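# Chains, contacts and geometry: an overview
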Amino acid sequence: AEPLVSDAFGLYDPATAGDRAAWSGLTSAGLVAPGTPDRIVIFAGPKSLVAGKDAGHVVAIIVDRAGNLVADGTPATLTVAGVRTAVQTEGGIAQRLIPPATRAGDLFAGAASGDRQSPKAMLGVVADVGSIRPQIAGPLPDAPAETVVEIASAPLADRFGNPVPDGTGATLLLTHP
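Note that the structure is a prediction, hence the values are computed from the model and not measured.

We now examine the nonpolar core. By size, the foremost hydrophobic cluster in this structure holds 21 residues, and its most contacted members are Val58, Ala94 and Leu123. Those elements that place two or more of their residues in this core are strand E5 (39-45), strand E7 (56-63), strand E8 (75-80), strand E10 (93-98), strand E11 (105-113) and strand E13 (121-126). When residues no more than four places from it in sequence are discounted, the contact partners of Val58 are Ile42, Phe43, Ala44, Leu78, Val80, Ala94, Gln95, Arg96, Ile98, Ala109 and Leu123.

What follows is the structure, encoded as C-alpha cells:
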C-alpha cells in the first residue's frame, strides 16, 4: 500500500502529486506542521429550522496558508445570534450545535480564529405549522345547502406565538353536526 497524504483538498499520493506537494505543505522531510489560521469556511444548517423542534449545526473549516487543516486544539470562536462560544478545533474543524429556537426569524452565524474571520452564514427559524389550531373569526352565517360561504380564520400563530407567513398553504376539513 502506498502512503497517502491528506490535506484540505483530499487524499493524494505524494510520489505522483508533482506541484501539489509544494502548495499542500509537503516537503522532502515530510509534512510540515499546520500553520496559523488563514482561511475559514463556515457551514450552517439545516437552512430552515422549525421553531421548538429542529436543532441547528454550525461548522467552520479552518485552514492555514498552504490549505492544510489547522492543528487540533486551535482556539476558535463561533458566534450564533450574537452569542459567542469559545471552542477548539478537532481535525481542523470547529463546530457547535444550536438548540431549537422558539422565536421565528433569521439567525446569523460566523467564526473567527487567530486574526481571521469567516463570512456570515444564515439559518432561518420558521413557525411550527404543525402546532397551529385554526379558529374561525366571528360567527358563521347561515348557509343554505349548495351555497358558497366565505370563512376567515383568526390570525394564525404557532404554540410560541410566531405568526404564520401569509400564503402558507394548509388543508382544512370542516364538519357539520
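Moving on to the pairing of E11. Two strands pair when backbone bridges link them, and E8 and E11 are joined in this way by four bridges, in the antiparallel orientation. Within E11, the residue paired with Val80 across the bridge is Ala109. Sheet topology note: the E11/E13 ladder contains five bridges and is antiparallel. The partner of Phe108 across the bridge, within E13, is Met122. As paired elements, E11 and strand E12 (residues 116-117) share two bridges and run antiparallel to each other. Paired with Ala112 across the strands is Gln117, a residue of E12. Taking the residues between adjacent antiparallel strands as the criterion, E11 and E12 are bridged by two residues, where Gly114 takes a positive phi near 60°.

What follows covers the pattern of salt bridges. Counted under the stated rule, the structure contains five salt bridges. For Asp128, the salt bridge is made with Arg159, and the minimal N-O distance between the two is 3.1 Å. You can see Asp128 sitting in the segment after E13 and its partner Arg159 sitting in the segment after E13, a full 31 residues away along the chain. Look at Asp128 and you get buried, because its relative accessible area is 3%. What you see here is one network of salt bridges that share partners, running through Asp38, Arg39, Asp115 and Arg116.

On to the environment of Val80. Here Val80 lies in strand E8. Non-local contacts of Val80, meaning those with residues more than four positions away in its chain, are made with Val58, Arg96, Ile98, Phe108 and Ala109.

Cut-offs and rules
- Residues numbered from 1 in each chain as written.
- Predicted model: local features only at pLDDT ≥ 70, side-chain atom pairs only at ≥ 80, totals over all residues.
- Heavy atoms only, no water.
- Core = buried A, V, L, I, M, F, W, Y, C linked by side-chain atoms within 4.5 Å.
- Buried < 20%, exposed > 50% of the residue type's maximum accessible area, 1.4 Å probe, protein only.
- Helix = DSSP H or I, 4+ residues; strand = E, 2+ residues; numbered from the N terminus.
- Contact = heavy atoms within 4.5 Å.
- Pairing = 2+ DSSP bridges.
- Salt bridge = Lys/Arg side-chain N within 4 Å of Asp/Glu carboxyl O.

In short, shape yes, function no, at least from these values alone.
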